[in-house]
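The lines below spell out each chain.
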Amino acid sequence: MTVPSVPADPRTPSQSPLWPAPTAGGAVDATVTVPGSKSVTNRGLVLAALAAEPGWLRRPLRSRDTLLMADALRALGVRIEEGVGPDGTGEAWRVIPAPLRGDASVDVGNAGTVMRFLPPVAALADGPVRFDGDPRSHERPLHGVIDALRALGTRIDDGKRGALPMTVHGAGALEGGRVEIDASSSSQFVSALLLSAPRFNQGVEVRHVGAKLPSMPHIRMTVDMLRVVGAQVDEPETGGEPNVWRVSPSALLGRDLVVEPDLSNAQPFLAAALVTGGRVTVPDWPSRTTQPGDALREIFTEMGGSCELTEQGLTFTGTGRIHGIDVDLSEVGELTPGIAAVAALADSPSTLRGVAHLRLHETDRLAALTKEINGLGGDVTETEDGLHIRPRPLHGGVFHTYDDHRMATAGAIIGLAVEGVEIENVATTAKTLPDFPRMWTEMLEG
Ligand SMILES: O=C(O)C1=C[C@@H](OP(=O)(O)O)[C@@H](O)[C@H](O)C1
Ligand SMILES: C=C(OP(=O)(O)O)C(=O)O
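About the criteria used
Here the residue numbering is sequential within each chain, running from 1 through the sequence in written order. Chains and ligands are labelled sequentially in the order written, the chains with letters from A and the ligands with numbers from 1. The predicted nature of this model means local features are confined to residues of pLDDT at least 70 and side-chain atom pairs, given and counted, to a pLDDT of 80 or more, with totals for whole chains, interfaces and linings taken over all residues. Computation of side-chain values: all heavy atoms of the structure, hydrogens and water removed. Both cavities and pockets are sets of points on a 1 Å grid over the protein atoms alone; in a cavity a 1.4 Å probe fits but cannot get out, in a pocket the set is open with protein on both sides within 12 Å along at least five of seven lines, and lining residues sit with an atom within 4 Å of a point. Grid points are joined across faces, edges and corners, and a volume is the space filled by probe spheres set on the points. Put simply, DSSP H or I for four residues or longer makes a helix, DSSP E for two residues or longer makes a strand, and each gets a number counted from the N terminus. Under this grouping Gly is polar, as are all residues other than the nonpolar Ala, Val, Leu, Ile, Met, Phe, Trp, Tyr, Cys and Pro and the charged Asp, Glu, Lys and Arg. Only a single heavy atom is needed: when it lies within 4 Å of a molecule or strand, its residue is near that molecule or strand. Under the rule applied, a polar contact is a pair of N or O atoms within 3.5 Å (in protein, one hydrogen donor and one hydrogen acceptor; residues adjacent in sequence only if both atoms are side-chain atoms). A 1.4 Å probe and the Shrake-Rupley method give the accessible areas. Residues count as covered only by the protein chains that appear here. Note on method: axes are straight lines fitted to C-alpha atoms, helices fitted across the in-contact stretch only, with angles between N-to-C directions ranging 0 to 180 degrees. Our angle categories are set so that under 35 degrees counts as roughly parallel, over 145 as roughly antiparallel, 65 to 115 as roughly perpendicular, and the remainder as oblique. Crossing chirality is assigned from the near helix's rotation relative to the far helix, an anticlockwise turn below a right angle marking it left-handed and a clockwise turn marking it right-handed. Any two residues whose heavy atoms approach within 4.5 Å at even a single point are treated as in contact. Relative accessibility under 20% of the residue-type maximum defines a buried residue, over 50% an exposed one, and the middle range a partly exposed one, all with a 1.4 Å probe and only protein chains included.

Turning our eyes to something else, we now look at the layout of surface pockets. In this structure, the largest pocket spans a volume of roughly 310 Å³. As for the largest pocket, its lining consists of 21 residues, and the residues nearest its centre are Val40, Met225, Val228, Leu257 and Val258. Mapped onto the lining of the largest pocket, the elements with two or more residues apiece are α1 (38-49), β3 (55-58), α6 (216-228) and β14 (256-258). Counted by class, the lining of the largest pocket contains 13 nonpolar, four polar and four charged residues.

Shown next as structure tokens:
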């Protein structure tokens, strides 16, 4: 079995030869330890960098998106020491805040969390901060953050495009106050403003004025993590006004935070249990979490499996039969590629709804999934806000990934059941899961 070598430094955009996706010889039976959550790690880094005292991040995710975040904060003057934790076990990063420095450059790669969460931090630096990234980062929406920061008093040069590349002219402080944004293209606009808001002189009041708001669990994650570091947040879900979030100005605490496993990255492994009629256990599955991946317990159960949360973690068991599903994924959009892959192998059609904004993710995910599944003989059509998937007998072929980690893992899921699927550039999984090919092979070997 070929296991491609991934680049030693996951910050580098990856290219690897075609990877023959392994088919499953039978039912998988494995325990898969999944590395830390991208979304928790990058929020943890930002909050620790803005704190009034040093903090720890334990079991952080080491991947392209999180290393780019750490590098960017270092460029702004923050010290981040990568090592082992206070008790001597496991990887932990010590984050030592410092006055935020300007005249810095930030490479966002294609990380939504870096390109959206850091401009408000840069507004607090004492000089210009230049932002640029992969070509795709120039196409991903950023106007919500740019317009809001301008309304709050920050000067930004973006060539009037509302997108990268741009320079944020940090003035050492930001007044803050009330701002209206349309976050219908990305929940990360809201999270970005809330995360830095305790450091704005007046805090912030963010009012979302768009028709819809995707990825609510990720906004909950932002609110929860702000509260953990001592911020005061008023928000719709605990009695506040709908679509309005308020963060008061305050000093933030340095915490010792343990990062949960990335439940969205657990998806392909759980899918393997479903597709092969096997069993996969993911240790340390949290009993309470804001991660959208927790919804997989329900979604994959409806698609034909069953799961049990015990002290050992989450055990997901497949039956060998996969059913189609009709589901609104607006809250958990990042799960769409993996669900589409499973749906293509089901015994009845599926409709995935509420995810029009996926056209602006790492790639246009609705177009990419349609083209690639159909390229293997599938029958997928794009709807206005999602996909309609009619399962057909599939055949081998090249599954293109468009620099999208979740396209690569979706292709690997299909490859379990279909001979001859070759994944283009599987190393693109380094965005959030650099070790994916090895983990996948080990899972299959039991
Ligand atoms: O805040 C976060 O950590 C994320 C929010 C979501 O973004 P969108 O709301 O842009 O979909 C999600 O898809 C992304 O993977 C991570
Ligand atoms: C949409 C995603 O990432 P990003 O944080 O770059 O938006 C994702 O990981 O599925």
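What follows is about the site of ligand 1. What surrounds ligand 1 is a group of 13 residues, the closest being Ser39, Arg43, Ser186, Ser187 and Glu334. In the environment of ligand 1, an oxygen atom lies 3.0 Å from a nitrogen or oxygen atom belonging to the side chain of Lys38. Within the contact set of ligand 1, an oxygen atom lies 2.6 Å away from a side-chain nitrogen or oxygen of Ser187. For ligand 1, whose unbound accessible area comes to 390 Å², protein coverage reaches 96%.

With that out of the way, let us pick up the packing of α1 against α6. Look at α1 against α6: their axes get within 11 Å of each other, and the N-to-C directions meet at 40 degrees. By the angle class used here, α1 and α6 are oblique. Every pair of crossing elements has a handedness; the one defined by α1 and α6 is right-handed. Two secondary-structure elements touch here, α1 through Ser39, Val40, Arg43, Gly44 and Leu47 and α6 through His218, Met221, Thr222, Met225 and Leu226. Looking at the contact of α1 with α6 residue by residue, the classes come out as five nonpolar, four polar and one charged.

As a further point, take the environment of Lys38. For Lys38, the location among the structural elements is in helix α1. In this structure Lys38 comes out as buried when scored by relative accessible area, which is 8%. For the pair Lys38 and Ser306, spaced 268 residues apart in the sequence, the C-alpha separation amounts to 26 Å.

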